[in-house]
Structures are given as structure tokens and as C-alpha cells.
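Chain by chain, the residues:
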Amino acid sequence: MTSGGAAVDISDVVVSYPGSDRRAVDGVSLEAAAGELVVLLGPSGCGKSTLLRTINRLVVPDSGTIRIDGEDVRSSPPEALRRGIGYVIQAVGLFPHMSVGRNVGMVPELLGWERARIDARVDDLLALVQLDPARYRGRLPRELSGGEQQRVGVARAIAAEPRVLLMDEPFGAVDAIVRLALQDETLRIHRALGTTIFFVTHDVDEALRMADRIVVMNAGRIVQADTPLRLLSHPATPYVERLMDAGDAVRRLRLIAVRDAMRAPDGAATQASIDGDGTLRDALSAFLDGVERLAVTDAGAPIGSLGFDDVRHAIARTVA
Ligand SMILES: Nc1ncnc2c1ncn2[C@@H]1O[C@H](COP(=O)(O)OP(=O)(O)OP(=O)(O)O)[C@@H](O)[C@H]1O
Ligand SMILES: [Mg+2]
């Protein structure tokens, strides 16, 4: 089930809404590599959703271009474009009178797939988002919890194997534990399918956890676009620094021991070592120096290894 992702090239995009003297998106350029997970992060009203919606043409920019694998989004009819782009929003938007199965199979049905192929696909997808097909396929959305509805929303968005997936605060309405599970789900799907994902959030910890690259926006513009590690270590402006602090991530790093975040020795190459009783803040310093993976030791003996991904994981685990 590998569909791969598409490269998305956003160039000089400007959006202003009628009747407003302020631009909602004010000259944004951003390239996402195929298979990249880009998080758009910033305060309410900064233009995240508007920018996202220019990609599937729910919003038409005043100027600028968006290309998916080199092709201008204006070159195909909007409906055809949207069938090729998954879209998940906070208010899940499932059709209330249709079963879970029909909701998930909606786009394949529109694309004219054969019934048997749709049915098989729906069951695969429900299993992928950890909903037992036999139990859930025939239920109505109102017979599901909020978190289960979100999962159906994700399954529906990826049903036709889109090469681009747009997620606008998809997990805003669920509790911290379910949110972590859904984040894991999404990361697993991302790894399995290689889909290019744009993920909007105003939760710093969610951004740090999910992103290959975080794009910090403010007042319609990009303030900084960088890896989570770079944003933590080299915030470009005081605003970004405050934003990162708001997530408490760095403070929390001091509270977590390396041994509680490490993984078992797996033969991966390491460039330096750290004691298991050290804190993740110490480890972060090593990563900032360019170390990719640390050997973790106890009285000099190897007990595991630690990468920046493990640090991110540990940060997120302390949220719940
Ligand atoms: N349909 C619309 N008509 C007029 N103005 C709009 C419309 N949608 C958004 N705006 C305005 O455009 C700006 C950007 O809105 P947008 O929804 O993109 O922000 P956002 O970053 O997604 O915010 P939030 O985190 O609250 O969802 C805001 O000032 C908003 O009021
Ligand atoms: Mg929004």
C-alpha cells in the first residue's frame, strides 16, 4: 500500500479576504519535499488554515502559485484535485446518516472503484487506524466516541491513497491520551505510505512530536521554518523563543533521565556517549553539537542508545 508522496511548492502566495484590509496570508513561499511532514504552527488567526486551504483550492490566492509535483493546482478542475488530496479537519465532518464504512469508502466510490475493491480497502483502512472492521464498519458516526470519529476521518482522508494529506488541527477536540494515540497513528501511516503531510496545530508539543519541519507563522507570514531541533536550539526571533518556551519542552527535558528515554542497544552507530543518569537537556546539547546518536552508559558499560527522535518521544509522553 505504498503510494508515495508528492512534492508541494508554494510560491509567493498572498490571500486577502473581501472586506478585510489585512492579508490573511502575506507572501508565503514554502517547499515540501515528497514524503515530508510539515507542521504549520502559530497563534489563532495567523493564516494557517487559509494557507492550507490554498493547496486544495478551497481558497484561491490573490497571487502566487502552488504546484504539486510541478503541476499548477489551477490546471485541473477543483473536484479532481481534491479527490487526490486528503483533508482532515477538527470538526470531523463525517456524513451522519452514512455508516462508517460508507464514509470511509466515499472517495473510492466517487472514483468509480469496483464494490469489492472498495469493501476490501475500507476494511484495510479501518484496521490501519485500529478500528476492528467487523465491529465498526456498519455503525453510524454518532455511535462512536470523538476519538474514534477522528480515526474514521483520517481513514476517509487517505482512502484513495492521496499523495498529499492536509490535516487542520485534526485532534484538537480529543483528550491528551487519545491525542497521543492519534498522533502515533498518523506517524505510522506517514511512515507506511510516504504521504506528504501538512499538519496545522497551535500546540507546540504536538508540533515538536510530529514534524520533520516546523513552519512558524505569525500575522500571515513565515517567521521561521526549521527542524524541531533547530527551532529549539536556534529560535530566529524572540517570538519563536517564547513560543517554544510556551510548550515547556525544554524545561521538561531537564526532568527526564536519559535512561528513561533511551532505546535498547541495537547496533546503530553512535558518535559520543552519555551517562544514563544524565538528563535529556544534556543530551540535547550533544545533538546541537551535531551528534546524531548517543551511546548510553551505566558506570561505563553500554545500556542503550539515544537519538533526537527518542527525546521528542519522551517529551510527548510527559504531556499525558
Ligand atoms: N472566510 C473568511 N472570511 C473573512 N476572513 C477570514 C475568513 N477566514 C479566515 N479569515 C481571517 O483570515 C485570518 C486568518 O485566518 P485563518 O483561519 O487562516 O487563521 P488560523 O491560523 O487558521 O487560526 P486558528 O488557529 O484560529 O484556526 C484571520 O484574521 C481570519 O479572521
Ligand atoms: Mg485554523
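No experiment lies behind these values; they were computed from the predicted model shown.

(A) Layout of the sheet that holds strand β1 (residues 8–15). The sheet built from four strands is open, its strands ordered β2-β1-β4-β5 with antiparallel pairing. Strand pairing shows two members of the sheet lacking a second neighbour, β2 (25–32) and β5 (71–72), which therefore form its edges. With six bridges joining them, β1 and β2 adopt antiparallel strand pairing. Of the residues in β2, the one forming a bridge with V13 is V28.

(B) Main features of unusual backbone geometry. Even without being glycine, D69 reaches a positive phi, approximately 45 degrees. For A219, which is not glycine, the phi dihedral falls at a positive 45 degrees. Mapped onto the elements of the fold, A219 is located in the loop between β9 (213–218) and β10 (221–226).

(C) Fine view of the pattern of salt bridges. Applying the stated criterion across every chain yields a total of 18 salt bridges. Among the ionic pairs, D26 bridges to R23, the shortest N-O distance being 2.9 Å. Two residues, D69 and R163, come together in a salt bridge whose shortest N-O distance is 2.7 Å. Placement of the pair is D69 in the loop between β4 (63–68) and β5 and R163 in the loop between α7 (146–157) and β7 (164–168), with a sequence separation of 94 residues. One connected set of salt bridges, linked through shared partners, spans R102, E109, R115 and D119.

(D) Spotlight on the domain arrangement of the chain. Under the domain assignment, the chain is made up of domain 1 (8–247) and domain 2 (251–318). Just the C-alpha atoms count here: the centres of domain 1 and domain 2 sit 31 Å apart. Summing the contributions of domain 1 and of domain 2, the shared interface buries around 970 Å²; its carbon and sulfur component is 63%. Per-residue buried area on domain 1 facing domain 2 is highest for L180, R209 and L229; these three make up 49% of the total on that side. Inspection of the region where domain 1 meets domain 2 yields zero salt bridges. Our enumeration of links across domain 1 and domain 2 arrives at two residue pairs in polar contact (both at pLDDT 80 or more). Going through the elements one at a time, α8 (176–193), α9 (204–210) and α10 (228–233) are the ones with two or more residues in the side of domain 1 that touches domain 2.

(E) Representation of helix α1 (residues 48–55). With six of eight residues buried, α1 lies mostly within the body of the structure. Those residues of α1 that sit buried are K48, T50, L51, L52, T54 and I55.

(F) Region of interest: the sheet that holds strand β11 (residues 272–275). Taken in spatial order, the three strands line up as β11-β12-β13 in an open sheet, and their pairing is mixed. In this open sheet, the two edge strands, each paired with only one partner strand, are β11 and β13 (301–307). The sheet shows a mean angle of 35 degrees between the axes of neighbouring strands, direction not considered. Pairing of β11 with strand β12 (residues 293–298), which is carried by four bridges, proceeds in the parallel orientation. Opposite S273, over in β12, you have A295 as the bridge partner.

(G) Examining the environment of S11 more closely. Note on placement: S11 falls in strand β1. On the accessibility criterion, S11 (23% relative accessible area) is partly exposed. Each C-alpha atom of the pair S11 and G27 lies 8.1 Å from the other, and the pair is 16 residues apart in sequence. Contact partners of S11, with chain neighbours within four places excluded, come to V28, S29, G64 and T65.

(H) Representation of the site of ligand 1. Around ligand 1, a shell composed of 13 residues is seen, among which S44, G45, K48, S49 and T50 lie nearest. Separating an oxygen atom of ligand 1 from a backbone N or O atom of G45 is a distance of 2.8 Å. A distance of 2.8 Å separates an oxygen atom of ligand 1 from a polar side-chain atom of K48. Of the residues contributing to the shell around ligand 1, the split by class is four nonpolar, six polar and three charged.

(I) Looking closely at the packing of α7 against α8. Two elements in contact, α7 and α8, have axes whose closest approach is 10 Å; the angle formed by their N-to-C orientations is 15 degrees. In terms of orientation, α7 and α8 fall into the roughly parallel class. Judged by the sense of rotation from one axis to the other, the crossing of α7 with α8 is right-handed. Of the residues in α8, those in contact with G147, Q150, R151 and V154 of α7 are V178, L182 and I189. Grouping the constituent residues of the contact of α7 with α8 by class yields four nonpolar, two polar and one charged.

About the cut-offs
Residues numbered from 1 in each chain as written. Chains lettered and ligands numbered in written order. Predicted model: local features only at pLDDT ≥ 70, side-chain atom pairs only at ≥ 80, totals over all residues. Heavy atoms only, no water. Pairing = 2+ DSSP bridges. Helix = DSSP H or I, 4+ residues; strand = E, 2+ residues; numbered from the N terminus. Salt bridge = Lys/Arg side-chain N within 4 Å of Asp/Glu carboxyl O. Domains from an automatic or database assignment. Buried area = accessible area lost by both parts, 1.4 Å probe. Polar contact = N/O pair within 3.5 Å; in protein donor to acceptor, adjacent residues only side chain to side chain. Buried < 20%, exposed > 50% of the residue type's maximum accessible area, 1.4 Å probe, protein only. Axes fitted to C-alpha atoms, helices over the stretch in contact; angles between N-to-C directions. Contact = heavy atoms within 4.5 Å. Near = heavy atom within 4 Å. Nonpolar A, V, L, I, M, F, W, Y, C, P; charged D, E, K, R; others polar. Parallel < 35°, antiparallel > 145°, perpendicular 65-115°, else oblique. Left-handed = near helix turned anticlockwise from the far one by under 90°.

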